[in-house]
Amino acid sequence: WSARRAPRDARPAPSDAPAAAIRSMARKPAKRIQVAFALAERGGKYLICQRAPGTHLGGYWEFPGGKREAGESWEACLRRELREELGVKLRNVRPFTSLRYRYPNRFITFQVFRCSIVGSPKALQVKRFQWVASSRLGRFRFPPADRGLIETLACAARNKRAIIKGSETQKGGR
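Residues numbered from 1 in each chain as written. Predicted model: local features only at pLDDT ≥ 70, side-chain atom pairs only at ≥ 80, totals over all residues. Heavy atoms only, no water.

J.: Any chance you could explain the environment of Gly 87 here in plain terms?
T.: As for its position among the elements, Gly 87 is in the loop between α2 (74–86) and β5 (89–103). For Gly 87, a relative accessible area of 34% corresponds to the partly exposed category. Sequence separation between Gly 87 and Ser 120 is 33 residues; the distance between their C-alpha atoms is 7.9 Å. Those residues in contact with Gly 87, other than ones at most four positions away along the chain, are Leu 82, Lys 122 and Leu 124. (Helix = DSSP H or I, 4+ residues; strand = E, 2+ residues; numbered from the N terminus. Buried < 20%, exposed > 50% of the residue type's maximum accessible area, 1.4 Å probe, protein only. Contact = heavy atoms within 4.5 Å.)

J.: Explain the pairing of strand β6 (residues 106–118) here, please?
T.: Within a regular strand, the side chains alternate between the two sheet faces. Among the 13 residues in β6, 11 count as buried, and that is most of the element. Judged from the 10 bridges that link them, strand β1 (residues 31–42) and β6 form a sheet pairing that is parallel. Within the sheet, the bridge partner assigned to Ile 33 lies in β6 and is Ile 108. In terms of strand pairing, β5 meets β6 through 12 bridges, oriented antiparallel. (Pairing = 2+ DSSP bridges.)

J.: It is not clear to me how the confidence of the model for the protein should be interpreted in this structure. Could you clarify?
T.: Atom-level detail of predicted coordinates should not be read off regions where pLDDT is low. For the protein, per-residue confidence averages 82 on the pLDDT scale, and residues scoring 70 or more make up 75% of the total. Confidence scores differ between elements of the protein, with helix α1 (residues 16–25) showing the lowest mean pLDDT of 47 and α2 the highest of 97. For the stretch residues 17–25, pLDDT sits under 50, and the model shows 0 contacts to residues farther than four places along the chain or on other chains. Note on residues 162–170: pLDDT is under 50 here. Beyond four places in sequence and across chains, it has 0 contacts. (pLDDT = per-residue confidence, 0-100.)

J.: Would you explain the environment of Val 132 in this entry?
T.: Within the fold, Val 132 resides in strand β7 (residues 128–133). With a relative accessible area of 4%, Val 132 lands in the buried category. Put simply, Val 132 and Arg 42 are 90 residues apart on the chain and 9.4 Å apart in space, counted from C-alpha to C-alpha. Apart from the residues lying within four places of it in its own chain, the contact partners of Val 132 are Lys 45, Tyr 46, Ile 48, Leu 137 and Phe 140.

J.: Got a minute to help me understand the packing of aromatic side chains in this structure?
T.: Under the defined criterion, the tally for this structure stands at 5 aromatic pairs. Of the aromatic side chains, those joined through ring pairs into one cluster are Phe 37, Phe 63, Phe 110 and Phe 142. Directly above the aromatic system of Trp 74 lies the positively charged group of Arg 68, at a separation of 4.4 Å from the ring centroid. Over the ring of Phe 96 we find Arg 114; its NZ or CZ atom is 4.5 Å from the centre of that ring. (Phe/Tyr/Trp six-rings, centres within 6.5 Å; stacked < 30°, edge-to-face > 60°. Lys NZ or Arg CZ within 6 Å of the ring centre and 35° of its normal.)

J.: Would you mind going over the nonpolar core with me for this structure?
T.: Across soluble globular proteins, nonpolar side chains show a tendency to be buried alongside one another. Among the nonpolar cores identified, the biggest contains 21 residues, and Ile 48, Phe 63, Leu 137, Phe 142 and Leu 149 are the most heavily contacted of them. Elements represented by at least two residues in this core include exactly β1, β2 (45–50), β5, β6 and α3 (147–172). Here this core gets 4 residues from one element, more than from any other, and that element is β1. Ignoring any residue separated from it by four or fewer positions in sequence, one finds Phe 142 in contact with Ile 48, Tyr 60, Trp 61, Glu 62, Phe 63, Leu 137, Arg 147 and Ile 150. Counting 17 residues, the second-largest nonpolar core is a separate cluster that includes Ala 36, Ala 40, Leu 47 and Leu 78. (Core = buried A, V, L, I, M, F, W, Y, C linked by side-chain atoms within 4.5 Å.)

Rendered as structure tokens:
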């Protein structure tokens, strides 16, 4: 026995229904969002904030920052967000890296800055904040978009410790 296809003229005529179903299943274009956030370090620890309940990813921890408004520069966005969220000013603001991440309904571009905090942070628009060593960042629940950066920071800290330890061994001689 062999399976044979029906001749073209014996097959049913194509319908618009399958194409319409496929078009309706097509994913809507993802909302594009631009976010600036700070890698603010003090005494070997990074400042992280817990998102307020009832917000997108409420309860998750994140580096401080937020959405860029139309016509706003990346640095102006960062300064505004940290002033609004934590009541602090920034100094030594310098670009560090850019990240991109796609959630099911949004595509986010992150501009990451290294900077110093001027003043004492206050939890104005966040649930709470904490200074955390890079080696401990993995113990906090961060959004998926931040995981690669957290691994990079932890790896850099491990390598820095290894380099320092190695140089101490060399100083002492063999």
